[in-house]
Number of protein chains: 2
Amino acid sequence: MPPSSLILSRRDLEFLLHEWLDVESLLERPQYAEHSRETFDAVLELAERIATEHFAPHNRTADENEPRMVDGRVELIPEVSRALKVFADAGLMAGEFDEQFGGMQLPHVVGQAVFAWFKAANVGTAAYPFLTMANARLLLAHGSREQIDTYVGPMVEGRWFGTMALSEPQAGSSLADITTRAERQDDGTYRLTGNKMWISAGDHELTENIVHLVLAKVPGGPPGVKGISLFVVPKFLVRDDGSLGERNDVVLAGLNHKMGYRGTTNTLLNFGEGVHTPGGRAGAVGHLVGEEHRGLTYMFHMMNEARIGVGMGATALGYTGYLHALEYARTRTQGRPPTDRNPSAPPVPIIEHTDVRRMLLAAKSYVEGGLALGLYCARLVDEEQTAGSEADRARAHLLLEMLTPIAKAWPSQWGPVADDLAIQVHGGYGYTRDYPVEQFYRDNRLNPIHEGTNGIQALDLLGRKVVMQDGAGLRLLAGTIAATTARAAGTDWAGFAVDLDAAVDRLTRVTATLWGVGDPAVTLANASAYLEAAGHVVVAWLWLEQALATAGRTSDFHEGKRAAARYFARYELPTVHTRLDLLESLDRTVLDLPESWL
Amino acid sequence: MPPSSLILSRRDLEFLLHEWLDVESLLERPQYAEHSRETFDAVLELAERIATEHFAPHNRTADENEPRMVDGRVELIPEVSRALKVFADAGLMAGEFDEQFGGMQLPHVVGQAVFAWFKAANVGTAAYPFLTMANARLLLAHGSREQIDTYVGPMVEGRWFGTMALSEPQAGSSLADITTRAERQDDGTYRLTGNKMWISAGDHELTENIVHLVLAKVPGGPPGVKGISLFVVPKFLVRDDGSLGERNDVVLAGLNHKMGYRGTTNTLLNFGEGVHTPGGRAGAVGHLVGEEHRGLTYMFHMMNEARIGVGMGATALGYTGYLHALEYARTRTQGRPPTDRNPSAPPVPIIEHTDVRRMLLAAKSYVEGGLALGLYCARLVDEEQTAGSEADRARAHLLLEMLTPIAKAWPSQWGPVADDLAIQVHGGYGYTRDYPVEQFYRDNRLNPIHEGTNGIQALDLLGRKVVMQDGAGLRLLAGTIAATTARAAGTDWAGFAVDLDAAVDRLTRVTATLWGVGDPAVTLANASAYLEAAGHVVVAWLWLEQALATAGRTSDFHEGKRAAARYFARYELPTVHTRLDLLESLDRTVLDLPESWL
C-alpha cells in the first residue's frame, strides 16, 4: 500500500484551500453555515485515508485485470465493489449534495479536493462515483420533482450508479449526428432505439440499478444539435414505490479495451434491440428530462463541471506521478555530479543531478499549477451558486465560462507531461510495470480525448468564449489578472508581474487581430496554439497568485512554491510569445494545406 | 496485415536517398562498386516486402504475448522465430557486412533505410538483428582475428544472435559503478562474476548460441570508467572447429515486464553463479576484446551507431503512427467545418478539419525530419569510412560526433509526439487496443531512456561535443548549415534561411556565453534546453535541405515536403529562441534548488 504522501499532498491542499483561496470565508454563507474549518479538515482526512487504504491498493490489480464480459455480464475484481461501498458508507458520494438528500452540503471546492484524492489513488475506480454525482447533479438541476425523488436519492446513497450516454460509434465528438431515436408514447414515456459508444460504467453489477442519461432525437425535431433531447433510462424500471421492476431494453453489446483507465468498465450499449421487452414490447423506456430538444443545453450544464473534473483527474494523475518520481529521486543513488569526477566517490541520490531536479521542478509546476487551476474553478462554482449578490454570481459565471476550456485542456496537456517526466526520472525502471508511473502515463493519455477533445476546447475558447458578450469574458479575465499583478508591484514578484501583464496585453491584442480578419476559418486556423497560449497565461497568473500567498512564510514548503513559481515565470511563460507570434501572423500553412499533400 | 503504405513511405525513402542524399554517388567507391541503383532498390523492396509480410502481422500478437520464463527458459511466440529466419535467409542480417562474411557490402545509409522498415513494422522483433549486427560490427572493429572468425560469421548468417551487456541493477546510466568482475586465468581467458540488468535478447532459443558482449572490471584496474574491460561471453562455449561445447555459466535470472517493446526479451542475467560449471568450475568464461581497461572506448564506438539507430527506431515508430493517423483521417467521417454549420450536410472526413491537418502536418514534420536526420547521419558514417580523402573522412567523423546526441535524442523526443498526435487524430478509438497507435506510443516511450537517456545526451552535446577540439565541431556544423542557407538565397526559402542563420548565430554565441562563465555546473545547468534548441536548429536545417531538393518539382509529394518545411520554419524553429533566452540568462533556478524545496 503506497503511503498517502505518494498519492497527493495534504500540505498543498491546505495551502491552496486555506492560505490561498480562503475557503473558510464560505462559512458565512447559509448553504455552508453548518460547516467549519474542522469539518472541512475532517472530510479531507477521511478522503485521504479511504483513498490510501481502499483505492490505491487495487489500482494496479484493476489495470491488470480489466473488466470482462462473461455471459453478457460484466465481471470486475471484487476490490472495486468493496472500495466503493466504503466510499459510499462514509457519505462521500453525498458530500456536495444538500442535507435533504442525506448530503454534507460541502462547498464544491472542498468536494473537488476530496475527489482529487480518489482520482490520484485510483482513477479507474473513482470514475463510478464521479459519473454518478454528475448524473445526480444534472437531474437536480433539470429533472422533474418525480425524477429527482426517484433517482437522486439512491444515487447519492450509492445504491445506484449513473452514466452519461452521449457518443455513438459514428458520432464521437459530433453530437449533431447522433441517430438514437426516442419515440413519444401515449403514456408520456418514450421508447429509445440506438447504439451508444464509450459509455463509462455502462454496465456492471456494483449496484442494483444503473441510471443512464441518454441523448436521443425525437422524430420530427430540428436537425443537428437543436433536435437533441435528454432522457433518463434506468437499467431496471422503477416502480412508484421506488422498488425495481422490469429489466429495461438496454443491452451490453461489448466492452472497449483501452491503453489505460482499464479499471473503468467502458461499454457499447444497445438501446431498444428487443432483448428485453418492458411492458411487453421492445424499446428502451426513457423519461424526458426537461423539455424536448433542449437536451444538449442541459448536458452542457453538467459538461462544464465534468470538464473541470477531467482536468482535475489529469492533474491528480500527474501529481501522483510527480510524488513517486520525487521519492525515487531521493532514494535511488547513481552517478556523481559533473563537478565531482572522482570515480571512487560513492554515487549520489539522483536528485542531486541538476537535470533530475529540472524534471521534478517542471513536473511540480505543472501539477501544482493544475491543482490551483482546478480548485480556483471549483471555487468559482461556489461563487456562481452561493455568492451574496447577483453581480458576484454573474461575474463568477462569466469567468468560469472563460476558464472551463482551459481547466479541461491545460491539465490534460501538462499532467501527462508530468507523468512522462516521472518515467524519465525513474529511467529504465519507470518503463517497467514493476513501478506505477507507467500506468499513470497510460491512464492520463485519455484526458486530452474525453469530454471534448482538446481541439474542441480550443474552438470553444477562441470561437465562442472570448467573443461572447462582446468580449466581456476576456476583459473580465484580463482585469482579474491585472488585480493580481497590481498586488505584485513592489514585491520580489514585480518582474514576473510585468511579464505577465505583457503576455495578457498581447493575448488581448492578438484576439482582436484574429477576430478582425472577417473570416472565421482564418480566425480559428490556429485555435490550438491560442488555447495553449491562453492556458499558459492563466496558469502563470495562478502561480503568481500562489507566490504572493507565500509572503512572509519561510518553510521549505513555501520556498518550494516560490521556486516553482520562478520556474513557471522563467521556463514556461516565455513560450507564450512564440505561439502569439504565430497567431498574430495569421499563418495559413495548415488552413490552405490540401489533403493530398499529406 | 497492414499494407506497406502504413508502415513507412517508399516514396520518402526514394526522395531522401536519391533526390536529396545522392546515394548513387557512393557507387564510385571501391567498397560499393558492385552495387547500382537497381541493387539498392531491390534490397529496399525486399525489406519492404518482408517487413510487411513477416514482421508487421505479429506486432500486436507479440505485444499481447510477451516473452515468458518457463523452467528457466524463455518462451516466445513462434512468429518471431519464423520472421527472423526469413530475414536472415534473405541475407538481410548480412546487408552491410563485407563479402568475405557473406555480406552485401551495402552502404550504411542504405542499410539504415532497410532497417527502418523493420523497426516501423515491428520494433520488438527487429531488436534481435539490430543488436546482433551492432555486436558483430564491434567485434569486427576491435576483436581479434580469432574472435572475428569464431563469432562474426555465425552472427552474420543469423545462426547466433548477439547482445550488449552493459547495465547493472545498481548502475543504470553510471557505468563507472559496475561491479561485474573478470578474473584473468592462466590460459588467457577470464572468469566473470556479476549481475547484468536490462539485457535485451539476453536469453531465448531463437538461435543455437548467444554472443554476449559484456563490460566488466579486472581486479586491480583503475577506478571508474577507466577500469572497464570488454569481453565476449558466449552462452555456449565454442570449440576450435566452431561447434558448440559446454554451457557457459550465464544464467537467466528474470525477465523485465515493460510498458511497451514487449516483443523483445529483456533480461536480468547472472554471470558466474555456478549454475553451470564450464571446465569443471564456476564462473562465466569470457574472452577479452582488445586490451584491458579500454572496454568503454570500444563500446562507445558501437554506441554512436547504436544511438543513431535508436533515433531511427523512434522515427520509425512515429512514422508508422503518422501514416496510420493519415489513413484514419481520410476515411473517418465526423462533423463539419466551422464554416459550414448546416447540420443536415453529411459529415466530412476528419482530415477536412483544420486542427486535424495541423496535427498531421506537425507529425509529418517530426517523422520526415527525423528520418532525414537519421539517414544524413548514416550517410556520414559512409563518408567517415569510405570517403576518398583523409580530410573528408575526418570531417565526416567530426560532424557525426556533433550530431550523434541530437540524432539519438531529437527523434526520441519528437517521434513519441508524433505517436501522441496519431492517438489524438484517432480520438477515443486511438486509445483502444483495437487500433495500433496506442502500441506505437507505448513502444516509443522507451527511446528517450535507453542507449543513454536524453539528459545524458544533453551533457554529451554541451559538455563534450561543442567544446572538443576547441569548438571545431560546432564551427563545422555552423559552416555546413551556412552552405545550405547560402544556396537558399534568391529562392522561396530565403526567409527561412535568414531565420535559420539567425538561430545558428545565436546558438554559437550562447555556447560561448555558457562556456565563458568558468563554472561547469552553471554551464551545464540547462543542458537539456541546449540539446532541444540545437536539435530544432539541426532539423530546421535538414528541412531547408529537403525543401531545396524539391526545386522544380510540382507533384503532391514535393508540395507536401515544402508544406512540412514551411510548418517547421513557422511553428517549430521560432521556439528555439525561448530556450536560447533561458540559456543566455544563465538561469540558476534549478541549479540552486535545494532538494528539500521539492
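Given the structure is predicted, the values throughout are model-derived calculations rather than measurements.

### Notes on the overall build of chain A
Broken down by element type, chain A carries 18 helices and 12 strands. For chain A, the C-alpha radius of gyration of 24 Å lies close to 25 Å, the compact-globule estimate for 598 residues. Residue pairs at least 24 apart in sequence account for 74% of intrachain contacts in chain A once pairs closer than 6 positions are excluded. By element, 50% of the accessible surface of chain A is carried by carbon and sulfur atoms, the whole surface being about 20,100 Å². Of the side chains in chain A, 55 bear a positive and 75 a negative charge, and the two mean positions are spaced by 3 Å.

### Re the relation of the copies chain A and chain B
Look at the two chain copies: a rotation about an axis and a shift along it is all it takes to match them. Taken as rigid bodies, chain A and chain B are interconverted by a rotation of 180° and an axial shift of 0.0 Å, the fit giving an RMSD of 0.0 Å. Here the transformation between the copies is reduced to the relation of a two-fold axis. Relative to the rotation axis, the closest C-alpha in chain A is found at Thr575(A), a distance of 3.6 Å. Looking at chain A, 100% of its interface residues are interface residues in chain B too, so the copies touch through the same face.

### Digging into helix α11 (residues 437-444) of chain A
Because an α-helix packs 3.6 residues into every turn, residues spaced three or four apart end up facing the same way. Buried residues dominate α11(A), accounting for eight of its eight residues. Of the positions making up α11(A), those classed as buried are Val437(A), Glu438(A), Gln439(A), Phe440(A), Tyr441(A), Arg442(A), Asp443(A) and Asn444(A). In the core, the buried residues of α11(A) are packed alongside α3 (59-64), α6 (123-142), α8 (295-331) and α10 (390-426) of chain A together with α11 (437-444) of chain B.

### With respect to the UniProt feature "domain: Acetyl-CoA dehydrogenase-like C-terminal" (unreviewed entry) in chain A
If you check UniProt for "domain: Acetyl-CoA dehydrogenase-like C-terminal" (unreviewed entry), the listed places come out as residues 478-594 of chain A in our numbering. This span, residues 478-594 of chain A, is 75% helix and 0% strand, and a straight line between its end C-alpha atoms measures 37 Å.

### Quick word on the pairing of strand β7 (residues 228-234) of chain B
Residues and elements named next belong to chain B. In terms of burial, β7 is a largely internal element, seven of the seven residues being buried. Here seven bridges tie strand β6 (residues 209-217) to β7, and the two strands are oriented antiparallel to one another. Its bridge partner being in β7, alanine 216 is matched across the sheet by serine 229. As judged from the two bridges shared by β7 and strand β12 (residues 284-288), these two strands associate in the antiparallel manner. Counterpart to valine 232 in the pairing with β12 is histidine 287.

### What about the nonpolar core?
By size, the foremost hydrophobic cluster in this structure holds 381 residues, and its most contacted members are Phe118(A), Leu360(A), Leu375(A), Phe118(B), Leu360(B) and Leu375(B). Phe118(A) has contacts with Ala47(A), Ile50(A), Ala51(A), Phe55(A), Phe87(A), Leu92(A), Val123(A) and Ala126(A), leaving out every residue within four places of it along the chain.

### What about the packing of helix α13 (residues 472-488) of chain A against helix α16 (residues 527-549) of chain A?
Describing two packed helices takes the angle between their axes plus the distance from one axis to the other. Residue and element names in this part refer to chain A. Relative to each other, α13 and α16 sit at 35°, their axes nearing to 10 Å. Remark: the crossing between α13 and α16 carries left-handed chirality. Contact with α13, carried on its side by Leu474, Leu477, Thr480, Ile481, Thr484, Thr485, Arg487 and Ala488, involves Tyr530, Val537, Val538, Trp541, Leu544, Glu545 and Leu548 of α16 and no other residues of that element. Classifying every residue of the contact of α13 with α16 gives 10 nonpolar, three polar and two charged.

### Thoughts on the interface of chain A and chain B
Facing the 86 residues of chain A at the interface are 86 residues of chain B. When the two sides are added together, the surface that chain A and chain B hide from each other amounts to roughly 7,800 Å², 58% of it contributed by carbon and sulfur. The largest share of the area that chain A buries against chain B comes from Tyr431(A), Trp597(A) and Leu598(A), three residues that together contribute 12% of it. At the junction of chain A and chain B, the tally comes to 10 salt bridges. Where chain A meets chain B, there are 52 residue pairs in polar contact (both at pLDDT 80 or more). Going through the elements one at a time, β5 (190-200), α8, α9 (354-386), α10, α11, α12 (454-465), α17 (556-572) and α18 (575-584) of chain A are the ones with two or more residues in the side of chain A that touches chain B. Here the side of chain A that touches chain B gets eight residues from one element, more than from any other, and that element is α17(A). Per-class residue counts for the side of chain A that touches chain B are 36 nonpolar, 27 polar and 23 charged.

### Examining unusual backbone geometry
Most peptide bonds take the trans form, and the phi angle of most residues other than glycine is negative. In the Ramachandran plot, Asp22(A) falls in the positive-phi region, its phi being about 50° despite a non-glycine side chain. Among the structural elements, Asp22(A) can be located in the loop between α1 (10-20) and α2 (37-55). Residue classification places Asp22(A) among the partly exposed positions, given a relative accessible area of 41%. Positive phi is not limited to glycine here, since Ala201(B) has a value of about 60°. Topologically, Ala201(B) is positioned in the loop between β5 (190-200) and β6. On the basis of relative accessibility, which here comes to 1%, the residue Ala201(B) falls in the buried class.

### Comments concerning the packing of helix α16 (residues 527-549) of chain B against helix α17 (residues 556-572) of chain B
All names here are of chain B. For the pair α16 and α17, the least separation of the axes is 9 Å and the interaxial angle reads 150°. Looking at the two axes, α16 sits roughly antiparallel to α17. α17 is crossed by α16, and the crossing has left-handed handedness. Across the interface between the two elements, His536, Val539, Ala540, Trp543, Gln546 and Ala547 of α16 pack against Lys561, Ala564, Ala565, Phe568 and Glu572 of α17. Each residue belonging to the contact of α16 with α17 can be placed in one class, and the counts come to seven nonpolar, two polar and two charged.

### Section: the packing of aromatic side chains
Tallying each qualifying case throughout the model produces 45 aromatic pairs over all chains. Here the aromatic rings of Trp20(B) and Tyr376(B) are separated by 6.0 Å at their centres, their planes lie at 25°, and the arrangement is stacked. A residue pair is termed long-range when its members are at least 10 positions apart, and Trp20(B) in helix α1 (residues 10-20) and Tyr376(B) in helix α9 (residues 354-386) qualify at 356 residues. In terms of burial, Trp20(B) and Tyr376(B) fall into one category: buried. Judged by centre distance (5.2 Å) and plane angle (75°), the ring pair of Tyr376(B) and Trp541(B) falls under edge-to-face. In this pair, Tyr376(B) sits in helix α9 while Trp541(B) sits in helix α16, placing the two residues 165 residues apart along the sequence. Each member of the pair, Tyr376(B) as well as Trp541(B), carries the same accessibility label: buried. One residue, Arg247(A), lies across the ring of Phe236(A), its end atom 5.5 Å from the ring centre. Above the face of the Tyr441(B) ring, Arg445(A) is positioned so that its terminal group lies 6.0 Å from the ring centre.

### Thoughts on the pattern of salt bridges
Residue and element names in this part refer to chain B. Summed over the entire model, instances satisfying the criterion amount to 90 salt bridges over all chains. A salt bridge links arginine 145 to aspartate 149; its shortest N-O distance comes to 2.9 Å. With arginine 145 and aspartate 149 both in helix α7 (residues 145-157) and four residues apart, the pair spans about one turn of that helix. According to the relative accessible area criterion, arginine 145 is exposed, its value standing at 54%. A salt bridge links arginine 464 to aspartate 460, with the nearest nitrogen and oxygen atoms 3.0 Å apart. In this pair, arginine 464 and aspartate 460 both sit in helix α12 (residues 454-465), four residues apart, roughly one turn of the helix. Overall, arginine 464 belongs to the partly exposed group, its relative accessible area being 49%.

### Some remarks on the environment of Asn454(A)
Mapped onto the elements, Asn454(A) comes out in helix α12. Overall, Asn454(A) belongs to the buried group, its relative accessible area being 13%. Sequence separation of Asn454(A) and Ala314(A) is 140 residues, and the distance between their C-alpha atoms is 13 Å. Those residues within four positions of Asn454(A) in sequence are excluded, and the remaining contacts are Lys408(A), Ala409(A), Ser412(A), Gln413(A), Asn447(A), Pro448(A), Leu531(A) and Gln424(B).

Conventions and cut-offs
- Residues numbered from 1 in each chain as written.
- Chains lettered and ligands numbered in written order.
- Predicted model: local features only at pLDDT ≥ 70, side-chain atom pairs only at ≥ 80, totals over all residues.
- Heavy atoms only, no water.
- Helix = DSSP H or I, 4+ residues; strand = E, 2+ residues; numbered from the N terminus.
- Rg over C-alpha atoms; globule rule 2.2 N^0.38 Å.
- Contact = heavy atoms within 4.5 Å.
- Areas by Shrake-Rupley, 256 points an atom, 1.4 Å probe, with all protein chains shown as cover.
- Lys, Arg positive; Asp, Glu negative; His and termini not counted.
- Charge placed at Lys NZ, Arg CZ, Asp CG, Glu CD.
- Least-squares fit on C-alpha atoms with pLDDT ≥ 70 in both.
- Buried < 20%, exposed > 50% of the residue type's maximum accessible area, 1.4 Å probe, protein only.
- UniProt positions renumbered as here; feature names shortened; annotations may be inferred.
- Pairing = 2+ DSSP bridges.
- Core = buried A, V, L, I, M, F, W, Y, C linked by side-chain atoms within 4.5 Å.
- Axes fitted to C-alpha atoms, helices over the stretch in contact; angles between N-to-C directions.
- Left-handed = near helix turned anticlockwise from the far one by under 90°.
- Nonpolar A, V, L, I, M, F, W, Y, C, P; charged D, E, K, R; others polar.
- Buried area = accessible area lost by both parts, 1.4 Å probe.
- Salt bridge = Lys/Arg side-chain N within 4 Å of Asp/Glu carboxyl O.
- Polar contact = N/O pair within 3.5 Å; in protein donor to acceptor, adjacent residues only side chain to side chain.
- Parallel < 35°, antiparallel > 145°, perpendicular 65-115°, else oblique.
- Phe/Tyr/Trp six-rings, centres within 6.5 Å; stacked < 30°, edge-to-face > 60°.
- Lys NZ or Arg CZ within 6 Å of the ring centre and 35° of its normal.

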